[in-house]
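Secondary and tertiary structure notes
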Amino acid sequence: MKAALVTRLPAPSLEIQSVGLPEPPLDGIEIAVEACGVCGTDLHILSGASYQPALPFVMGHEPVGLVTQGPEDLMGRRVVPSIFVGCGQCDACRAGDERLCVEGSLVTGVLGLWGGFAEKMWLHPSQPLVVPEGVSPLTAAALVDAGATAHHAARLALVREPQRVMVLGGGPVGFLTASILRFRGTDVTVAEPNALRRDALAALGYDTVNHLDEANTTRSDVVVDCSGVPEAFVAALDWLPTHGCCLIVGYSEIPVMNLAIVARKELTFRGVRSGRREDLMAVLELAQRQAIDVPSVTAWPLHDINAALLALKSGQVAGKAVITLT
Ligand SMILES: [Zn+2]
Ligand SMILES: [Zn+2]
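Remember, predicted model here, so these are calculated numbers, not experimental data.

Another point: the sheet that holds strand S16 (residues 245–248). Pairing in this open sheet of six strands is parallel, and the strands run S14-S13-S12-S15-S16-S17 from one edge to the other. At either margin of the open sheet sits one strand with a lone partner, and together these are strand S14 (207–209) and strand S17 (268–271). Taking each pair of neighbouring strands and ignoring which way they run, the sheet shows an average axis angle of 20°. Across the sheet, helix H5 (residues 172–183) is in contact with strand S12 (164–168), strand S13 (187–191) and strand S15 (222–225); its angle to S13 comes to roughly 165°.

Moving on to helix H4 (residues 146–159). The end-to-end C-alpha distance of H4 is 20 Å, a good match for the 20 Å that 14 residues give at a rise of 1.5 Å each. The buried fraction of H4 amounts to 10 of the 14 residues, a majority that puts the element mostly inside the structure. Regarding H4, the residues found buried are Ala146, Gly147, Ala148, Thr149, Ala150, His151, His152, Ala153, Ala154 and Ala157. After H4 finishes, the residue glutamate 161 shows a positive phi value of roughly 45°.

A word on the pairing of strand S5 (residues 63–69). Taken together, the six bridges between strand S3 (residues 29–37) and S5 define a ladder with antiparallel strand orientation. Bridge pairing in S5 links isoleucine 31 to valine 67. Summarising the sheet, S5 and strand S6 (residues 78–81) pair through two bridges and their orientation is antiparallel. The residue bridging glycine 65 from the neighbouring strand is valine 79, located in S6.

Below, the discussion takes up the domain arrangement of the chain. Accessible area lost during the coming together of the parts is what is often quoted as the interface size. On domain assignment, one finds that the chain holds domain 1 (2–145 + 277–282 + 294–324) and domain 2 (147–271). Each of domain 1 and domain 2 was reduced to a C-alpha centroid, and the two centroids are 26 Å apart. Domain 1 puts 14 residues into the contact, and the matching count from domain 2 is 13 residues. Counting only elements with at least two residues in the side of domain 1 that touches domain 2, the list comes to helix H3 (137–143) and helix H10 (277–288). A breakdown of the residues in the side of domain 1 that touches domain 2 according to their chemical character gives seven nonpolar, four polar and three charged.

What follows covers the sheet that holds strand S8 (residues 106–108). Across a sheet, paired strands are connected by hydrogen bonds in the backbone, their directions being either parallel or antiparallel. As summarised here, the arrangement of the three strands in space is S7-S8-S9, forming an open sheet in which the pairing is mixed. Lying at the two open borders of the sheet, with one neighbouring strand each, are strand S7 (84–85) and strand S9 (112–113). Pairing geometry for S8 and S9, over two bridges, is parallel. Across the sheet, the residue bridging to valine 107 is glycine 112, located in S9.

So, on to the environment of glutamate 285. Relative to the elements of secondary structure, glutamate 285 occurs in helix H10. Glutamate 285 sits in the partly exposed class, given 13 other C-beta atoms within 10 Å. Along the sequence, glutamate 285 and valine 131 sit 154 residues apart, while their C-alpha atoms lie 8.8 Å from each other.

Thresholds, definitions, all that
Residues numbered from 1 in each chain as written. Chains lettered and ligands numbered in written order. Predicted model: local features only at pLDDT ≥ 70, side-chain atom pairs only at ≥ 80, totals over all residues. Pairing = 2+ DSSP bridges. Helix = DSSP H or I, 4+ residues; strand = E, 2+ residues; numbered from the N terminus. Axes fitted to C-alpha atoms, helices over the stretch in contact; angles between N-to-C directions. Contact = placed C-beta atoms within 7 Å. Expected span 1.5 Å × (residues − 1). Buried ≥ 20, exposed ≤ 12 C-beta atoms within 10 Å, placed from the backbone. Domains from an automatic or database assignment. Nonpolar A, V, L, I, M, F, W, Y, C, P; charged D, E, K, R; others polar.

Right, dumping it as structure tokens:
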């Protein structure tokens, strides 16, 4: 099969090669990949600053495809994976939440399991979810991780019964978080310095701000940080009200931070690691009902994947970057 391989880390680009599929997992389900979303995490892995999968490796943690080998009831069906595979034994796994496995999860296209930047791939039997009728492969690819993460973040934000939510970062996760919150009837503002992304949101009627100074005037009591930009996170702490809450979705690194403000305002931090299987199912259903806005998709064929990575890196993708395999 054709695949875009990571052959070393860090690496400036992926190598398109013909390779064999790895050995299948027990009761593995083979899919013919139709499309696969590209995520900021792919850039971080390539830069050597994130997960360190064994090489060579095929990234792509937002695949959608048709089942070509597996149980009878799934044959030919369009599926997406719930991307985490855990030990199956620990409390988290037994509660159906492999994301938080104490042994450390395997993650499709990120760590341990080859992903969707290839013509074919294996899924563990616990992974596939059937894509609802009417949801296109491109839309499904835009939701596998970004949509599940956004649904999880929005769910946690709504628990606080917020007056207004500030979403930092208008990339696919921030976009979808805002979209789900608006659908649930909550006021939301998105802070996004990239004009392409900000304009795409504004065109759909979302409140947006460019600079965090403007964000200061929106009186949000929950912040969802999808930006991974340390300055944005630190600035948000300044203007969050007493008992405000910050949901940390993006991974930023803050070398030194004075936590006095956190104590004085009794702020709450809560991390958000992707989404549960139920989040992915829920967001696919919302897309099927056209209840939420989905980011516009820009697609590249597999052999142009390095152009897609470059466009993403240089901020030229307004919505979601997706690789198509067929
Ligand atoms: Zn991702
Ligand atoms: Zn486990």
